[in-house]
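Overview (structure and organization)
Residues per chain, in single letters:
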Amino acid sequence: DAGITQSPRHKVTETGTPVTLRCHQTENHRYMYWYRQDPGHGLRLIHYSYGVKDTDKGEVSDGYSVSRSKTEDFLLTLESATSSQTSVYFCATGEGTDTQYFGPGTRLTVL
Amino acid sequence: ILNVEQSPQSLHVQEGDSTNFTCSFPSSNFYALHWYRWETAKSPEALFVMTLNGDEKKKGRISATLNTKEGYSYLYIKGSQPEDSATYLCAFNTDKLIFGTGTRLQVFP
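Residues numbered from 1 in each chain as written. Chains lettered and ligands numbered in written order. Predicted model: local features only at pLDDT ≥ 70, side-chain atom pairs only at ≥ 80, totals over all residues. Heavy atoms only, no water.

What to know about the overall build of chain B
Inclusion rule: Segments assigned H or I by DSSP are reported as helices when at least four residues long, segments assigned E as strands when at least two residues long, and all are numbered from the N terminus. Only the C-alpha atoms count toward the radius of gyration. The rule for a globule is 2.2 Å times the residue count to the power 0.38. Summary of the burial criterion: residues with accessible area below 20% of their type's maximum are buried, those above 50% are exposed, and those between are partly exposed, where the area comes from a 1.4 Å probe applied to protein chains only.
Counting its regular elements, chain B contains 0 helices and 11 strands. When the helices and strands of chain B are placed in sequence order, the string is β-β-β-β-β-β-β-β-β-β-β. Over its C-alpha atoms chain B spans a radius of gyration of 13 Å, differing by no more than 12% from the 13 Å that the globule rule assigns to 109 residues. The dimensions of chain B, computed from C-alpha atoms along their principal axes, are 40 × 25 × 20 Å. Residue burial in chain B is summarised as follows: out of 109 residues, 47% are buried.

Here it is in structure tokens:
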């Protein structure tokens, strides 16, 4: 168990409001990732980080931003939430291209 | 866009049956192929990371093979048990993981 927590675990919000999801790890892994999971799509990468202040876009980055000010925390922000961003969000950590360890997920509903 | 395909999408088997499913991935620029097990309401857990053509990995009743030249990997479960019910994901490794949509396995007692 890689010691990854996500907060909040559940959130309901309204269209147009900003939302920030937090991922916290205790394993000192260099890489951190944010995925979304939707029926029929599996896991899709939103953004990832390869070090403090080093981030890059994934497959579905539009409408999302991230920040990593310290090794253990990776924040995902929806600047203005839309209903299409209703999803389950998973954070993962790892060392480069090795195994990734996943957090418990955050269920976000945008009304 | 790199495509990782898994088949079948879902599978229902009886307890004790052996089963297998397929992951297809690009055969060029191969680095590694990952298998994850994902139980409902939990998060994905790593099963195997496979890097060499012809690789075979085993964990209990679950095993996997890899053919990088033709771009496929098989996951086998011998003597399926109800606790094996889960979605099995494969992921192709470039500089990031590209996940397939998974095979959902249900094992009935």
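Digging into the overall build of chain A
Worth spelling out the cut-off: Every residue pair with non-hydrogen atoms within 4.5 Å of one another is taken to be in contact. Only the protein chains shown count as cover for residues, and all accessible areas are computed by the Shrake-Rupley method using a 1.4 Å probe.
Along chain A, the regular secondary structure elements total 0 helices and 11 strands. Taken from N to C terminus, the helices and strands of chain A fall in the order β-β-β-β-β-β-β-β-β-β-β. C-alpha atoms of chain A, sized along the principal axes, occupy 35 × 25 × 25 Å. Residues classed as buried in chain A amount to 50% of the 111 residues present. Of all intrachain contacts in chain A linking residues separated by at least 6 positions in sequence, the fraction that spans at least 24 positions is 55%. In the form shown here, chain A has an accessible surface area of approximately 5,200 Å², with 46% of it arising from carbon and sulfur atoms.

Description of the interface of chain A and chain B
We apply this condition: What counts as buried area is the accessible surface, traced by a 1.4 Å probe, that two parts surrender upon association, with contributions from both included. Salt bridge, as used here, is a side-chain nitrogen of Lys or Arg placed within 4 Å of a carboxyl oxygen of Asp or Glu.
Across the contact, 16 residues belong to chain A and 18 residues belong to chain B. Buried surface at the junction of chain A and chain B, summed over both partners, amounts to about 1,400 Å²; 64% is from carbon and sulfur atoms. The largest share of the area that chain A buries against chain B comes from A:L43, A:T97 and A:F102, three residues that together contribute 39% of it. Counting every contact that joins chain A to chain B gives 0 salt bridges.

Examining the sheet that holds strand β3 (residues 19–24) of chain B
Residue and element names in this part refer to chain B. To keep things clear, this is the line we draw: DSSP-based pairing: two strands are paired if at least 2 bridges between them are found. Axes here refer to lines fitted to C-alpha atoms; in helices the fit is confined to the stretch in contact. Angles between the N-to-C directions go from 0 to 180 degrees.
With antiparallel pairing, 5 strands are arranged side by side in an open sheet as β1-β3-β8-β7-β6. Looking along the sheet, the strands with just one partner apiece sit at the ends: β1 (5–7) and β6 (56–59). Each strand axis lies, on average, 15° off the axis of its neighbour in the sheet, ignoring direction. One ladder, built from 4 bridges, connects β6 with strand β7 (residues 62–67); its direction is antiparallel. In the sheet register, E56 faces β7, and the bridge partner there is T65.

With respect to unusual backbone geometry
Cis geometry marks the peptide bond from A:S7 to A:P8, where omega comes out at -10°. With respect to the helices and strands, A:P8 occurs in the loop between β1 (4–7) and β2 (10–13). For the peptide bond that leads from B:S7 to B:P8, omega is -5°, which places it in the cis range. Position of B:P8 among the secondary structure elements: in the loop between β1 and β2 (10–14). Phi is positive for A:K53, which is not a glycine, with a value near 70°. A:K53 sits in the exposed class, given a relative accessible area of 68%.

Some words on the state of the cysteines
All names here are of chain A. Short version of the rule: Disulfides are defined as cysteine sulfur pairs within 2.5 Å.
Per the counting criterion, the structure on display carries 2 disulfides over all chains. A disulfide bridge connects C23 with C91, and the sulfur atoms are separated by 1.8 Å. Linking C23 and C91, the disulfide has an S-S dihedral of approximately -70° and is accordingly described as left-handed. Here C23, found in strand β3 (residues 19–25), pairs with C91, found in strand β9 (residues 87–94); they are 68 residues apart in sequence, far enough to count as distant.

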